[in-house]
Amino acid sequence: MMVRRFMCGLFGLAITLLSGCRYADSTFNTHGPAAHNIANLAWFMTILFLIIIIVMWALLAVAFYKRRGTLAEHEPIDAGGGQMWIAVGGIAIPLIVLTILFVLGLGLLRDFPIHGVHGGMNQQQMAAMMKPEIRIIGHQWWWEIQYLNDDPSQSFTTANELHLPTGRPINVEVETADVMHSFWVPSLHGKVDLIPGQPNYIRIEASSPGEYKGQCAEYCGEQHAKMRILAIAQEPDEYDAWRQAQLKDSIEPSEPAAKAGQQVFISGPCSMCHTVRGTIAGGRVAPDLTHVGSRQMIAANVYRNNDAYLEAWITHAQSLKPGVKMPDMTQFNGVQLADLVAYLRQLQ
Ligand code: CUA
């Protein structure tokens, strides 16, 4: 009884650990054609391998329990026989199974138009063919998201929240500003690596509105686990409304506290790293905060976007997410800190 409980506990623990990050959604919970194709192959493999395992264990059981007679009655061990089992079970079946999986896997590559797959295209040809609408740039440890347009006045940059319209494929370019990362929103698509010096492309389509959690899937340093992305798929008109709002410059504060906070922001160190469009704050190394108030989370989807966490983040980022480029701004406290947070919160 104790042993069984122990084994159950161990199994439960293994499932919890092996299921990886609690944050990202399941690969089997699909909301887009690419993710659907990947999940189908995963189900096919899982079921096929289960069948193979069951057959193998059954054969082992037969071999184990089969009456063989006594040792004296045995033929000499080199009498031969059973080669058919090796030829069929050890060579033919694995060859067939692996060939089928290889071909199905190759078919799935259509969902990953990565450099080289389309007849060895060069980067310029890939960029022209994929003509990205969105560029995602990985940073240690957050996501820069650029909405591109031929008309620069229709382009804007945001961070960590990837908004997508439903019902049509969106071409996305992924690159990195530093080390390798991997973009992964399991409900929408498979993993695509962000490789220094080589943009990659994926085509993402969300079939239904919703919020889909994603996670950097390539170890990229101390805070790799806290490099999360939230994909928000919206009906096209809702998406357009969001887009129009994001295109606008930041809201001019009207409340006294927020006004004072804006002064603190643009005259202090914040503006050296962060951009708030419509003000002189134009730093490019940290997330664009023009509409930070409209985002659900801060610190790459790790902490809720509220007064308490913003205050904690500004003054103790190194405790909340050790190693990030955001320093502990302990010089801000009391009214000044509250003003700063009031300013950020109203940047809707
Ligand atoms: Cu970025 Cu792991």
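The structure presented is a predicted model; accordingly, all values stated were derived computationally and were not measured.

Draft legend 1. Representation of the environment of Glu252 in the model. Counting through the fold element by element, Glu252 comes out in the loop between helix H5 (236-247) and helix H6 (256-267). Each C-alpha atom, one on Glu252 and one on Gly278, is 8.4 Å from the other, the two residues being 26 residues apart in sequence.

Draft legend 2. A look at the layout of surface pockets. The calculated volume of the largest pocket comes to roughly 680 Å³. Elements that contribute at least two residues to the lining of the largest pocket include exactly helix H7 (270-273), strand S11 (297-298), helix H8 (307-320) and helix H9 (334-345). Counting residues per element, the lining of the largest pocket draws most heavily on H8, at three residues. Considered class by class, the residues forming the lining of the largest pocket number 24 nonpolar, four polar and four charged. Estimates place the volume of the second largest pocket at around 310 Å³. Secondary structure elements with two or more residues in the lining of the second largest pocket: helix H2 (33-65) and helix H3 (83-108). By residue number, the principal contributor to the lining of the second largest pocket is H3, which donates seven residues.

Draft legend 3. Expanded view of the nonpolar core. If you look at the biggest cluster of nonpolar residues, it comprises 63 residues, and the most contacted ones within it are Ile134, Trp143, Leu162, Phe183, Phe265 and Leu344. Among all residues touching Phe183, those that are not within four sequence positions of it are Ile136, Trp143, Leu162, Val174, Gly190, Lys191, Val192, Leu194, Ile202, Ile204 and Ile229.

Draft legend 4. Representation of unusual backbone geometry. Cis geometry marks the peptide bond from Gln140 to Trp141, where omega comes out at -5°. Positionally, Trp141 belongs in the loop between strand S1 (134-139) and strand S2 (142-147). A positive phi angle is found at Ala299, which is not glycine, with a value near 60°. Tracing the sequence through the fold places Ala299 in the loop between S11 and strand S12 (303-304). A positive phi angle, near 60°, is found at Ala300, a position not held by glycine. Ala300 gets classed as buried once you look at its relative accessible area, which sits at 1%.

Draft legend 5. The packing of H2 against H3, seen in detail. Viewed as axis vectors pointing N to C, H2 and H3 meet at an angle of 170°, and their least axial separation amounts to 10 Å. One way to sum up the angle between H2 and H3 is to call them roughly antiparallel. Contacts between H2 and H3 involve Asn37, Ile38, Leu41, Phe44, Met45, Leu48, Phe49, Ile52 and Leu59 from the former and Trp85, Val97, Ile100, Leu101, Leu104, Gly105 and Leu108 from the latter. Of the residues that constitute the contact of H2 with H3, the class distribution is 14 nonpolar, two polar and no charged.

Draft legend 6. Fine view of the pairing of strand S10 (residues 228-234). Across the seven residues that make up S10, a large majority, seven, are buried. Relative to S10, strand S4 (residues 161-165) runs parallel, the two being bridged by five bridges. Bridging across to S10, Leu164 finds its partner in Ala233.

Draft legend 7. Geometry of the sheet that holds S1. The strand order across the open sheet built from five strands is S3-S2-S1-S5-S8, with neighbouring strands paired in mixed fashion. Every interior strand has two partners, whereas the edge strands, strand S3 (156-159) and strand S8 (200-204), have only one. Across this sheet, the average inter-strand angle for adjacent strands is 25°, counted without regard to direction. In this sheet, strand S5 (residues 170-176) lies alongside S1 in parallel orientation, the contact comprising five bridges. Opposite Arg135, over in S5, you have Glu173 as the bridge partner. The strands touched by helix H4 (residues 123-130) are S5 and S8; relative to S8, the strand with the most contacts, the crossing angle is about 15°.

Draft legend 8. Spatial organisation of the pattern of salt bridges. All chains considered together, the criterion is met by six salt bridges. Residue Asp150 pairs with Lys131 through a salt bridge whose shortest N-O separation is 3.2 Å. Taken together, the positions of Asp150 in the loop between S2 and S3 and Lys131 in the loop between H4 and S1 put the pair 19 residues apart, joining distant regions of the chain. A salt bridge links Glu133 to Arg168; the nearest nitrogen and oxygen atoms lie 3.0 Å apart.

Draft legend 9. Layout of the sheet that holds S4. Taken in spatial order, the three strands line up as S4-S10-S9 in an open sheet, and their pairing is mixed. Either end of the sheet is taken by a strand with one partner, and the two such strands are S4 and strand S9 (210-215). Averaged over all pairs of adjacent strands, the angle between their axes in this sheet comes to 25°, without regard to strand direction. Against the sheet, H5 touches S4 and S10, its axis set at about 135° to S4.

Draft legend 10. Structural view of H2. Here H2 spans 48 Å end to end across 33 residues, near enough to the 48 Å set by a 1.5 Å rise per residue. Ala34, Ala35, Ile38, Ala39 and Leu41 are the residues of H2 that are buried. As for H2, its buried residues are in contact with H3.

Procedures and definitions
Residues numbered from 1 in each chain as written. Predicted model: local features only at pLDDT ≥ 70, side-chain atom pairs only at ≥ 80, totals over all residues. Heavy atoms only, no water. Helix = DSSP H or I, 4+ residues; strand = E, 2+ residues; numbered from the N terminus. 1 Å grid on protein atoms, 1.4 Å probe; cavity = no way out; pocket = protein on both sides within 12 Å on 5 of 7 lines; lining within 4 Å. Points joined across faces, edges and corners; volume = space filled by probe spheres on them. Nonpolar A, V, L, I, M, F, W, Y, C, P; charged D, E, K, R; others polar. Core = buried A, V, L, I, M, F, W, Y, C linked by side-chain atoms within 4.5 Å. Buried < 20%, exposed > 50% of the residue type's maximum accessible area, 1.4 Å probe, protein only. Contact = heavy atoms within 4.5 Å. Axes fitted to C-alpha atoms, helices over the stretch in contact; angles between N-to-C directions. Parallel < 35°, antiparallel > 145°, perpendicular 65-115°, else oblique. Pairing = 2+ DSSP bridges. Salt bridge = Lys/Arg side-chain N within 4 Å of Asp/Glu carboxyl O. Expected span 1.5 Å × (residues − 1).

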